[in-house]
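Next come the chains, spelled out residue by residue.
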Amino acid sequence: MNRLRHVLTQITIKHGWVFIYEKGYQSTDTAVSSVFTKMKGVGYTNVDGEERVWDMVDYVFPEQGDSSFVVMTNYIITKGQKMGKCPELTEPRYLCNSDSDCERGIIERTGHGHMTGKCVGNTTKTCEVVAWCPVEDDHTIPDPALLMSAENYTLFIKNSVTFPAYGVKRSNLVEGIDNQYIKSCVYDPTTSPLCPIFRLGDLVQLSGFNFATIAKVGGAIGIVIDWTCNLDYDQSECKPVYTFHGLYGNPNETDMARASVGYNFRYAKHYMEDKQEKRTLLKVFGIRFDIIVRSVARKFDIIPTLTAIGSGVGIFGVATVVCDLILLYLLPKREFYNNMKFKVTETVEQEPLDEFSSEKYVSKE
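Owing to the predicted nature of the structure, the values given are computational and were not obtained by experimental measurement.

1. Examining the confidence of the model for the protein chain
Right, so step 1: When pLDDT is averaged across the protein chain, the result is 82; 75% of the residues are at 70 or more.
Right, so step 2: When mean pLDDT is compared element by element in the protein chain, strand S11 (residues 197-199) scores highest at 95, while helix H6 (residues 253-256) scores lowest at 52.
Right, so step 3: Below pLDDT 50 for its whole length, residues 360-365 participates in one contact with residues either more than four positions away or in separate chains.

2. Examining the UniProt feature "binding site: ATP" (unreviewed entry) in the protein chain
Right, so step 1: Sites flagged by UniProt as "binding site: ATP" (unreviewed entry) map to Lys38, Met39, Lys40, Thr154, Asn264, Phe265, Arg266 and Lys283. Checked against the lining of the second largest pocket, the annotated residues just named reduce to Arg266.
Right, so step 2: Within the element layout of this structure, Thr154 appears in strand S9 (residues 154-163).
Right, so step 3: Apart from residues no more than four positions distant in its own chain, Thr154 is found in contact with Lys38, Met39, Lys40, Ile197, Phe198, Arg199 and Leu200.
Right, so step 4: With respect to the helices and strands, Phe265 occurs in strand S14 (residues 264-273).

3. A short note on the nonpolar core
Right, so step 1: Membership of the largest hydrophobic core comes to 48 residues, with the highest contact counts inside it found for Met39, Phe163 and Phe289.
Right, so step 2: Considering each element in turn, this core owes the most residues, six residues, to strand S15 (residues 276-300).
Right, so step 3: When sequence neighbours within four positions are dropped, the list of residues in contact with Phe289 reads Ser67, Ser68, Phe69, Val71, Leu200, Leu203, Ile221 and Ile223.
Right, so step 4: Residues Cys86, Tyr94, Cys127 and Cys133 belong to the second largest nonpolar core, which totals twelve residues.

4. Section: a nonpolar patch on the surface
Right, so step 1: Together, Val42, Tyr44 and Val53 line one region of the surface with nonpolar side chains, adding up to about 300 Å² of accessible area.
Right, so step 2: Among the secondary structure elements, Val42 is positioned in the loop between strand S2 (32-40) and strand S3 (43-47).

5. Concerning the pattern of salt bridges
Right, so step 1: The tally for this structure, following the rule as stated, stands at twelve salt bridges.
Right, so step 2: Among the salt bridges present, the one from Arg93 reaches Glu91, with a minimum N-O distance of 2.8 Å.
Right, so step 3: Overall, the relative accessible area of 49% leaves Arg93 in the partly exposed class.
Right, so step 4: Residue classification places Glu91 among the buried residues on the basis of a relative accessible area of 12%.
Right, so step 5: Of the charged contacts in the structure, one is a salt bridge between Asp143 and Lys216, with a shortest N-O distance of 3.5 Å. One end of the pair, Asp143, is in the loop between strand S8 (126-133) and S9; the other, Lys216, is in helix H5 (residues 211-217), and 73 residues separate them in sequence.
Right, so step 6: A relative accessible area of 57% places Asp143 in the exposed class.
Right, so step 7: For Lys216, a relative accessible area of 25% gives the class partly exposed.
Right, so step 8: Here the salt bridges share partners, and the residues they tie into one network are Glu136, Asp138, Arg266 and Lys283.

6. So, the packing of aromatic side chains
Right, so step 1: Applying the stated criterion to the full structure yields eleven aromatic pairs.
Right, so step 2: Measuring from ring centre to ring centre gives 5.7 Å for Tyr187 and Tyr242, while their planes differ by 80°; the resulting arrangement is edge-to-face. Placement of Tyr187 in the loop between helix H3 (179-184) and S11 and of Tyr242 in strand S13 (residues 241-248) is noted, with a sequence separation of 55 residues between them. Accessibility assignment for this pair places Tyr187 and Tyr242 in one class, buried.
Right, so step 3: Pairing Phe198 with Tyr242 gives two aromatic rings, centres 5.1 Å apart and planes at 75°, and the pair type is edge-to-face. Taken together, the residues span a long stretch of sequence, with Phe198 in strand S11 and Tyr242 in strand S13 at a distance of 44 residues. Take Phe198 and Tyr242: they sit in the same class, and that class is buried.
Right, so step 4: Here Arg52 stacks its cationic end above the ring of Trp54, 3.9 Å away from the centre of that ring.

Analysis parameters
Residues numbered from 1 in each chain as written. Predicted model: local features only at pLDDT ≥ 70, side-chain atom pairs only at ≥ 80, totals over all residues. Heavy atoms only, no water. pLDDT = per-residue confidence, 0-100. Helix = DSSP H or I, 4+ residues; strand = E, 2+ residues; numbered from the N terminus. Contact = heavy atoms within 4.5 Å. UniProt positions renumbered as here; feature names shortened; annotations may be inferred. 1 Å grid on protein atoms, 1.4 Å probe; cavity = no way out; pocket = protein on both sides within 12 Å on 5 of 7 lines; lining within 4 Å. Core = buried A, V, L, I, M, F, W, Y, C linked by side-chain atoms within 4.5 Å. Buried < 20%, exposed > 50% of the residue type's maximum accessible area, 1.4 Å probe, protein only. Patch = residues over 30% accessible without salt bridge, like charges linked within 9 Å, V, L, I, M, F, W, Y side chains within 5 Å. Areas by Shrake-Rupley, 256 points an atom, 1.4 Å probe, with all protein chains shown as cover. Salt bridge = Lys/Arg side-chain N within 4 Å of Asp/Glu carboxyl O. Phe/Tyr/Trp six-rings, centres within 6.5 Å; stacked < 30°, edge-to-face > 60°. Lys NZ or Arg CZ within 6 Å of the ring centre and 35° of its normal.

This is how it looks when you write it as structure tokens:
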């Protein structure tokens, strides 16, 4: 009996939990969202005496301000490439002793071009290829990263959300955030949690990564903008919350054993010189940022309220029937419960009186 009472108590608590804490009296809606980004900052490099300044057009890919983008922090550059014939890199898989070691027409999966069938070179011979020459040598990654100044770049995020079921539109530029405030604020989870301007070094640190390491080989960071709004209160209380997550990067001893570490890609800038097409090839190491908007809005609605109440009443109705079945048919003392629940009355049949023998019909003579 005590166990049964405990079960009923648990059912009551869980139903109350759903109704009150999980807000079973409210309907929900998810937002339609748009994200716009803008980078600011200037980088400086001095490689072999060649000075260069990098602005946002040079180090952001793509440039349009998408919710997913890459900020270049390191690179390997191969200048003046032109289409022609040249030897492959001096790696064991490309080494040769004679032309017979280089099969004409073969394209190695990790090679740089189309083999001509010739073995060329002076001291160290490698197979000749038709390719963009000279071929890229990316074995030595600059350390420290060439664009360590990226740590001080700033990222501006503009996010707009609409909850169509309630006709509510909100922006992360909430009340109190104006042009004057934006000019001086930088995001801080404690002092400026609503500032939409983020320092890259802070983003990396808040995600749990080390900037010097991730800048060298690249990586990925997720920025989550959470809109969890209770629209039973004023709309001004609907504000975003930012969280940061390291997705991959910061290679440790375990990561270094993997086939691919960090994040990189290549792109080329083509140009004409002396009527010949040439290009500058860059292997870019960078931090990929993915901005993810997560949203849910709640508001009182009579339909889920009545549904929750009705389901609670139904649960108690079913519980009563189940309890009666258990007590009446399964428990050892079911007879006792049966006697307490039902009152048994006995009816005594009385024989009808003989109309001639009844005193009512005694003759008065």
